[in-house]
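The residues making up each chain are set out below.
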Amino acid sequence: MKIISVDNHSNLPKYKQIVLSIEVAIFENRLKKNDKLPSVNKVSLEFSISRDTVLLAYDELKKRGIIYAILGKGYYVKSVEFSFEQRIFLLFDELNIFKEDIYNSFLEKMDNKAQIDIFFHHFNIEMFKKLINESNGNYSKYIIMPTNLIGAAALIKMLPKQDVYILDQTNSELKDYPSVHQNFIKDIYEALLKGKSLIDKYQKLILIFPGFREPLGMKIGFEKFCLDYSFQNEIVTDFNTKEIQKGEVYLIPDDRDLVKVVEKGKEQKLKLGIDFGIISYNETPLKKVVENGITTISTDFNEMGALLAEMILENKKVQLENKSNLIVRNSL
């Protein structure tokens, strides 16, 4: 069980990294009262740092009453009753109603047991890089929403691995990191399968997939379902110039496109749920009432935030797929 970690690329001084490592280990019950700490020589050799650096860290912990020394034997944990507040770095892609649900649920479950700083990268890899670099070494936990940014995984790997959690989207490059994520391939496929008896009334499935913010797994799951069940299908990047044909069902990840399709249907005097269908992505309260109800495929964002907080509080290191469901309403 590793107690101390030192990152040569961190902006945080090495002695402070040692202090933080021991505080976190006590907070997470990996170190208990009277447990012996690694020796000064061992820490010095393992991380190729001077004995003075290690002694500086241990002296600071002694002054605060957290550890004590026995001459000729070493250093031991004196007290586990000290004020330690975890500092959590939370990096989202953007602020929307879904992310707000995750954030509020996470805060509620954390119950003021940590200082939480939230940032947004807005799908900009340079902003992502800047925020990662500036935060490195300044937090006890890092929660990252990498979306589908090219190069994000390499930047995430600059952070202390044992302190990183992945949220919402993961990938093969990040498979070793604990996460609470959606399985977009499976979620799309299983939702369409659940609604197949209703979709069978239509002749064509159309996915509106700009491909910038949307996870690639959505497209893969859509294509797999259409291939397995021989559905006529089409993938379009936008809806701006399209006319709706009777018998079409639209799968719409972005709510801006949802508005466009609903408005176009009204303009063409087509009846939603009969002449054409809509399946939206991500549940919101408005979708319960718009056009007498919009069918959605959605994960439980409140559950996602709660599961993430539980992992942090209990120091769990697992990969969890957050559940998703098809909510059938009038639009299908």
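Check the entry above for the structure.
Definitions and cut-offs
- Residues numbered from 1 in each chain as written.
- Predicted model: local features only at pLDDT ≥ 70, side-chain atom pairs only at ≥ 80, totals over all residues.
- Heavy atoms only, no water.
- Pairing = 2+ DSSP bridges.
- Helix = DSSP H or I, 4+ residues; strand = E, 2+ residues; numbered from the N terminus.
- Axes fitted to C-alpha atoms, helices over the stretch in contact; angles between N-to-C directions.
- Contact = heavy atoms within 4.5 Å.
- Parallel < 35°, antiparallel > 145°, perpendicular 65-115°, else oblique.
- Left-handed = near helix turned anticlockwise from the far one by under 90°.
- Nonpolar A, V, L, I, M, F, W, Y, C, P; charged D, E, K, R; others polar.
- Buried < 20%, exposed > 50% of the residue type's maximum accessible area, 1.4 Å probe, protein only.
- Right-handed = clockwise from strand over helix to strand, strands pointing away.

Comments concerning the sheet that holds strand 5 (residues 141–144)
Then, in step 1: In spatial order, the strands read 4-3-5-6-7-13; together these six strands make up an open sheet with parallel pairing. Edge strands, defined here as strands with exactly one partner in the open sheet, are strand 4 (114–120) and strand 13 (319–321). Ignoring which end each strand starts from, the neighbouring axes of this sheet average 15° apart.
Then, in step 2: Lying over the sheet, helix 4 (residues 97–110) contacts strand 3 (86–92), strand 4, strand 5 and strand 6 (164–168), oriented at roughly 170° with respect to strand 3.
Then, in step 3: Relative to strand 3, helix 5 (residues 125–135) is tilted by about 175°, and along the sheet it contacts strand 3, strand 4 and strand 5.

Considering the packing of helix 4 against helix 11 (residues 301–314)
Helices that pack against each other are described as a pair by the angle of their axes relative to one another and the distance between those axes.
Then, in step 1: Across the interface, helix 4 lies against helix 11 with an axial gap of 7 Å and an inter-helix angle of 40°. Of the possible angle classes, the one that applies to helix 4 and helix 11 is oblique. Helix-helix and strand crossings are classified by hand; for helix 4 and helix 11 the assignment is right-handed. Between helix 4 and helix 11, the residues in contact are Phe 98, Asp 101, Ile 102, Ser 105, Phe 106, Lys 109 and Met 110 and Phe 301, Asn 302, Met 304, Gly 305, Ala 306, Leu 308, Ala 309, Glu 310, Ile 312 and Leu 313, respectively.

Details of the sheet that holds strand 10 (residues 248–252)
Then, in step 1: The mixed open sheet is built from six strands, whose spatial order is 9-8-10-11-12-14. In this open sheet, the two strands that pair with only one neighbour each are strand 9 (232–236) and strand 14 (324–327). The sheet shows a mean angle of 15° between the axes of neighbouring strands, direction not considered.
Then, in step 2: The pairing of strand 8 (residues 204–208) with strand 9 spans five bridges and is parallel. Bridging across to strand 9, Ile 208 finds its partner in Val 236.

Description of the packing of helix 1 (residues 14–27) against helix 3 (residues 51–63)
Then, in step 1: As a packed pair, helix 1 and helix 3 sit with axes 8 Å apart at the nearest point and diverge in direction by 45°. Classed by the angle they form, the pair helix 1 and helix 3 counts as oblique. The element helix 1 and its partner helix 3 pack so that their crossing is right-handed. When helix 1 is examined against helix 3, the residues Lys 14, Tyr 15, Ile 18, Val 19, Ile 22 and Glu 23 are found in contact with a partner set consisting of Thr 53, Val 54, Leu 56, Ala 57, Tyr 58, Glu 60 and Leu 61.
Then, in step 2: Taken together, the residues that form the contact of helix 1 with helix 3 break down as nine nonpolar, one polar and three charged.

Topic: the pairing of strand 8
Then, in step 1: Summarising burial for strand 8: five of the five residues are buried, a large majority.
Then, in step 2: Across the two faces of strand 8 the burial is the same, with Lys 204, Ile 206 and Ile 208 and Leu 205 and Leu 207 all buried.
Then, in step 3: As for the winding sense of the linkage, the β-α-β connection from strand 8 through helix 9 (residues 216–228) to strand 9 is right-handed.
Then, in step 4: For strand 8 and strand 10, the ladder comprises four bridges, and the chain directions are parallel. The residue of strand 10 that forms the bridge with Lys 204 is Glu 248.

Quick notes on the side chain of Thr 147
Then, in step 1: Note that Thr 147 resides in the loop between strand 5 and helix 6 (152–156).
Then, in step 2: Contacts of Thr 147, omitting those with residues within four sequence positions, involve Asp 93, His 121, Phe 123 and Gln 169.

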